[in-house]
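Here are the chains, one letter per residue:
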Amino acid sequence: MSTRPRATDGIDLSTTLDGLTLRTPVLAASGTFGAGREAAQFVDLHRIGGIIVKSMTLRPWRGRPTPRMYETPSGMLNAIGIQNKGVDHFIAEDLPWLLRKKATVVASIAGNTVQEFIKIADKLRTGGRGLAAVEINISCPNLEDRDNMFSHSPTATAEVVSGVKRALPKLPVFAKLSPNVTSLTDIAGAALEAGADGLSLINTVFGMAIDVEARRPALAATTGGLSGPAIRPIAVRAVHEVHRAFPHAPIIGQGGITDAHGAIEMLLAGASAVAVGTANFFNPRATIEIAAGIEDYMRRHGVGSVADLVGALKEG
Amino acid sequence: MIVSSGEVLSHRRYGEHYHGITVVAPEIGERVRPGQFVNVLCGRGRAHILRRPFSVHRVHRRGGWAPTIEIVFDVRGPGTAYLAGLRGHESLDMLGPAGRGFALPQRRAHCLLVGGGIGAAPLFFLADELRAAGHRVDFVLGARSADLLLNPIDVRRLASVYRITTEDGSQGTTGRVTDVLEEVIDHCGTEVVYACGPHPMLEAVAAVCGARRLPVQVAVEELMACGWGVCLSCVMPVRTGRGRDAEVSLLRSCTEGPVFNGARVVWDGDAGALPPEQSELAPAGSARRHGGYGGADDEHAPPGN
Ligand SMILES: Cc1cc2nc3c(=O)[nH]c(=O)nc-3n(C[C@H](O)[C@H](O)[C@H](O)COP(=O)(O)OP(=O)(O)OC[C@H]3O[C@@H](n4cnc5c(N)ncnc54)[C@H](O)[C@@H]3O)c2cc1C
Ligand SMILES: Cc1cc2nc3c(=O)[nH]c(=O)nc-3n(C[C@H](O)[C@H](O)[C@H](O)COP(=O)(O)O)c2cc1C
Ligand code: FES
């Protein structure tokens, strides 16, 4: 199986999302690839379209108690709670290491207040040289609004996005939206108007499972985020809906992609790139294998560039 | 760690409950150390997508197919049901060897291996290696009832002194492994303890060893989504550092474990052991209530991610 984009047969796997050009349209999703160190045992990091690192916060977070995960039909629930070592650790340790490996690095940032997001962005402006882009994880409780998720309010979404964009005017900024909202296009519109260069769709879907023998929630945090193939149709629908509303906004499609078929669905629905999450857990080479599968598909269909697939859905 | 597809050489039963599968896996077999495990893909179906972790029970480094590795298990759910249906010549996709295994003593020592139920699985490989390195091996093997004892026949072969306990008294001493532990330690002149089994058992073993200042290594079982260090589902609170640097770190069982120094694991997720800003967020006992471990409770962290 070929795993390398070959220029010779005229197939170009690279993709461009405004200011961000990726070697292949397949990235690793935040929280499923660490900061690449462990994955380097299985794949050459520079061959992956990009690595969206685990979300970082201003100070280290310890996350939620265990049990933090539970397998569900065709998916899993997680309530990790963004355990991470903080932005300073990322700047001092992870970023230089990733850049030495010639990886394309996307920083994912998270926080509980608008100010926290902005302070992280400030630190990345000075310490984040070499970053390809930033993804804002707004699926976080907003302490200033009764713990409502930023991602559930167009106003809070806009405040975070414009604050981060002001701090990082030169870097492509993607807002990662939650599907757990009434109107995704309202939130997407707010993020774009506030200056987001693109959108990541979707984060995990709220869910819950119960251990019926013990009559307890399966997760210590009671509820968690559902990921994996179970959510793929939700993600494809979300990408399609947002792409139709904002055809010029670059989208990183994610949610349940385990193979080239799922990735191509996302591209046809309107994503310019995809991120693979849960599939890395059982197949650490998924990002590379899926890119190879997309290449095969392009060859079979006589498609020369990824851009020709983006939003190329035949409708009506 | 590598992804390796191995051919099933044999499938055998250990008593009524346990299955053993031996796989031809040269790359893993050559590198694996006692206490390490493999993440097994249980079929290619779409319903159960995650790999399941299994300790390496035995490594056979001689013979035509060598090296082969053996895993043992009981049927608990869909993954183990799939494995129970595997027969010779079918293939098994494994990711391993994963995790940090047991440290062997630097000089000749009297080693006591303590295993409960299927948790005893990795202790057989450990016993083989300890004996090969010239250490003395003693064994306490326990289970709820005689039929749940894992391979007591081999325990007899491997150990200088062995004790069997069952909670219902159907074999050996009636009670739990910890009921006979001190007596066995005294009798054998134990210098280091290795334990593997349910967490309450490990906690009790660690307490006995702690009181006697005996080094104790425990292999824990936490729920694992990835088994290779990236998802952070499997963390255990473990005391790390000393003096000013002392803290409770959340270590990944899959990469920084599954073997930990039993004296350093915070079994009850005691909030008092956390740095001050964290203890506010971790009401004492909150994690216990959920049957899990504390040491982590950012209440403003999102429920997902
Ligand atoms: C390091 C390690 C070594 C292990 N070694 C062995 C062994 O040698 N023999 C053996 O029989 N079992 C062992 N287990 C437990 C074994 O992984 C579970 O029995 C198995 O995953 C159950 O899968 P299932 O689909 O049959 O059951 P289900 O309970 O339906 O499993 C559903 C999900 O929960 C996870 N899971 C369930 N129980 C456990 C558990 N105790 N620990 C971790 N994940 C779990 C599974 O991986 C899966 O993702 C070990 C676990 C760990 C962490
Ligand atoms: C264990 C786990 C941890 C995650 N951590 C993060 C995170 O820190 N930040 C984030 O933006 N998304 C996080 N996600 C969400 C993924 O990046 C991804 O958007 C989501 O899981 C959907 O894709 P998938 O179905 O391919 O996994 C996490 C997902 C999982 C399963
Ligand atoms: S199981 Fe994923 S980090 Fe340990």
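Residues take numbers from 1 onward in each chain, read along the sequence in its written order. Think of it this way: whatever chain is written first is A, whatever ligand is written first is 1, and the rest follow in order. pLDDT decides what is reported in this predicted model: residues at 70 or higher carry local features, side-chain atom pairs at 80 or more are listed and counted, and totals for whole chains, interfaces and linings draw on all residues regardless.

1. What to know about the overall build of chain A
At step 1: Secondary structure counts use DSSP, requiring at least four H or I residues in a row for a helix and at least two E residues in a row for a strand, with both numbered from the N terminus. Within chain A, the secondary structure is distributed over eight helices and 18 strands.
At step 2: Relative to its length of 316 residues, chain A is compact, with a C-alpha radius of gyration of 18 Å against a globular reference of 20 Å.
At step 3: Principal axes of the C-alpha set define a box for chain A whose edges measure 55 × 50 × 45 Å.
At step 4: Neighbour density around each residue's C-beta defines its exposure: 20 or more other C-beta atoms within 10 Å make it buried, 12 or fewer make it exposed, and counts between make it partly exposed, where C-beta atoms are placed from the backbone. A total of 316 residues make up chain A; the buried ones form 60% of that total.
At step 5: Residues are defined as contacting one another if the C-beta atoms placed from their backbone atoms lie within 7 Å. The contacts in chain A between residues at least 6 apart in sequence include a share of 71% that link residues at least 24 apart. For the radius of gyration, the atoms used are the C-alpha atoms, and the globule rule reads 2.2 Å times the number of residues raised to 0.38.

2. Looking at the site of ligand 2
At step 1: Residues are counted as near a molecule or strand when the C-beta atom, derived from backbone positions, lies within 6 Å of that molecule or strand. Near ligand 2 there are 27 residues, and of these A29, G31, S55, S227 and G277 of chain A occur at the shortest range.
At step 2: What surrounds ligand 2 is not a single chain but chains A and B.
At step 3: In the shell around ligand 2, the residues fall into eight nonpolar, 17 polar and two charged. Residue classes follow a fixed rule: Ala, Val, Leu, Ile, Met, Phe, Trp, Tyr, Cys and Pro count as nonpolar, while Asp, Glu, Lys and Arg count as charged, and any other residue, Gly among them, counts as polar.

3. Let's talk about the site of ligand 1
At step 1: Taken together, 23 residues surround ligand 1, and among them F73, G77, G79, T80 and A121 of chain B come closest.
At step 2: Around ligand 1, the nearby residues trace back to chains A and B.
At step 3: Mapped by element, the contributors of at least two residues to the shell around ligand 1 are β4 (52–55), β6 (68–74) and α2 (78–84) of chain B.
At step 4: Residue composition of the shell around ligand 1, by class: 13 nonpolar, four polar and six charged.

4. Observations regarding helix α8 (residues 286–301) of chain A
All names here are of chain A.
At step 1: The span expected for a helix works out to 1.5 Å for each residue beyond the first. Taking 1.5 Å of rise per residue, the 16 residues of α8 would be expected to cover 22 Å, and the 22 Å separating its terminal C-alpha atoms lies within 8% of that figure.
At step 2: Among the residues of α8, A286, T287, I288, I290, A291, I294, E295 and M298 are the ones counted as buried.
At step 3: On the buried face of α8, the contacting elements are β3 (26–28), α6 (260–269), β18 (273–276) and α7 (279–282).
At step 4: Downstream of α8 by a residue or two, G302 has a phi angle that is positive, lying close to 65°.

5. Here we look at the packing of helix α5 (residues 232–245) of chain A against α6 of chain A
Residues and elements named next belong to chain A.
At step 1: α6 packs onto α5 with a crossing angle of 20° between their chain directions and a minimal axis gap of 8 Å. Taken together, the axis directions place α5 and α6 in an arrangement best described as roughly parallel. The crossing of α5 and α6 is right-handed. Contacts between α5 and α6 pair R232, V236, V239, H240 and H243 from the former with G262, E265, M266 and A269 from the latter.
At step 2: Residues that form the contact of α5 with α6 fall into these classes: four nonpolar, three polar and two charged. Note on method: axes are straight lines fitted to C-alpha atoms, helices fitted across the in-contact stretch only, with angles between N-to-C directions ranging 0 to 180 degrees. To sort the angles, those under 35 degrees are grouped as roughly parallel, those over 145 as roughly antiparallel, those from 65 to 115 as roughly perpendicular, and the leftovers as oblique. In a left-handed crossing the near helix is turned counterclockwise from the far helix by less than a right angle, and in a right-handed crossing that turn is clockwise.

6. What about the sheet that holds β18 of chain A?
Residues and elements named next belong to chain A.
At step 1: In space, the eight strands of this closed barrel follow the order β3-β4-β7-β8-β11-β12-β17-β18, with parallel pairing throughout. On average, each strand axis in the sheet is tilted by 25° relative to the strand beside it, whichever way the strands run.
At step 2: Helix-sheet contacts for α5 involve β12 (198–201) and β17 (251–254), and the interaxial angle to β17 is about 165°.
At step 3: Each of β3 and β18 is contacted by α8, which is oriented at about 170° to β3, the strand it contacts most. When DSSP finds at least two bridges between two strands, those strands are taken to pair.

7. What about the interface of chain B and chain A?
At step 1: In this complex, chain B contributes 39 residues to the contact, which on the side of chain A involves 47 residues.
At step 2: Taken together, the residues of the side of chain B that touches chain A break down into 21 nonpolar, 13 polar and five charged.

8. Details of the nonpolar core
At step 1: Ranked by internal contacts, the top residues of the largest apolar core, which has 204 residues, are I51 and V134 of chain A.
At step 2: Ranked by the residues each element gives to this core, the list is headed by helix α3 (residues 121–132) of chain B, at seven residues.
At step 3: Residues contacting V134 of chain A, with those up to four places away along its chain left out, are V106, A107, I109, L124, V164, L168, L171 and V173 of chain A. Note on terminology: a nonpolar core is any set of buried Ala, Val, Leu, Ile, Met, Phe, Trp, Tyr and Cys residues joined through C-beta atoms within 7 Å.

9. Thoughts on the packing of helix α4 (residues 184–193) of chain A against α5 of chain A
All names here are of chain A.
At step 1: With their axes 10 Å apart at the nearest point, α4 and α5 run at an angle of 55° to one another. Judged on the interaxial angle alone, α5 and α4 are oblique. As for the relative orientation of α4 and α5, their crossing is right-handed in sense. Here α4 contributes L184, T185 and A188 to the contact with α5, which in turn contributes A238, E241, V242 and A245.

10. Structural notes on the sheet that holds strand β5 (residues 58–60) of chain B
All names here are of chain B.
At step 1: The strand order across the open sheet formed by seven strands is β4-β3-β7-β1-β2-β6-β5, and the pairing between neighbours is antiparallel. Because the sheet does not close on itself, it has two edges, and the strands there are β4 and β5. Sheet twist, expressed as the average angle between the axes of neighbouring strands with direction ignored, equals 40°.
At step 2: In terms of strand pairing, strand β1 (residues 2–14) meets strand β7 (residues 91–98) through six bridges, oriented antiparallel. If you follow G6 over to β7, its bridge partner there is L92.
At step 3: Relative to β5, α3 is tilted by about 45°, and along the sheet it contacts β4, β5 and β6.

11. Here's the deal with the domain arrangement of chain B
Where interface size is given, it is often the accessible area lost as the parts come together that is meant.
Residue and element names in this part refer to chain B.
At step 1: Residue ranges for the domains trace back to a domain assignment, done automatically or taken from a database. Domain assignment breaks chain B into domain 1 (2–98), domain 2 (110–219) and domain 3 (235–289).
At step 2: On a C-alpha basis, the centres of domain 1 and domain 2 stand 24 Å from each other.
At step 3: Taken together, the contacts link 15 residues of domain 1 with 12 residues of domain 2.
At step 4: Sorting the residues of the side of domain 1 that touches domain 2 by element identifies β5 and β6 as the ones contributing at least two each.
At step 5: When residues in the side of domain 1 that touches domain 2 are grouped by element, the largest group, three residues, is from β6.
At step 6: Counted by class, the side of domain 1 that touches domain 2 contains seven nonpolar, five polar and three charged residues.

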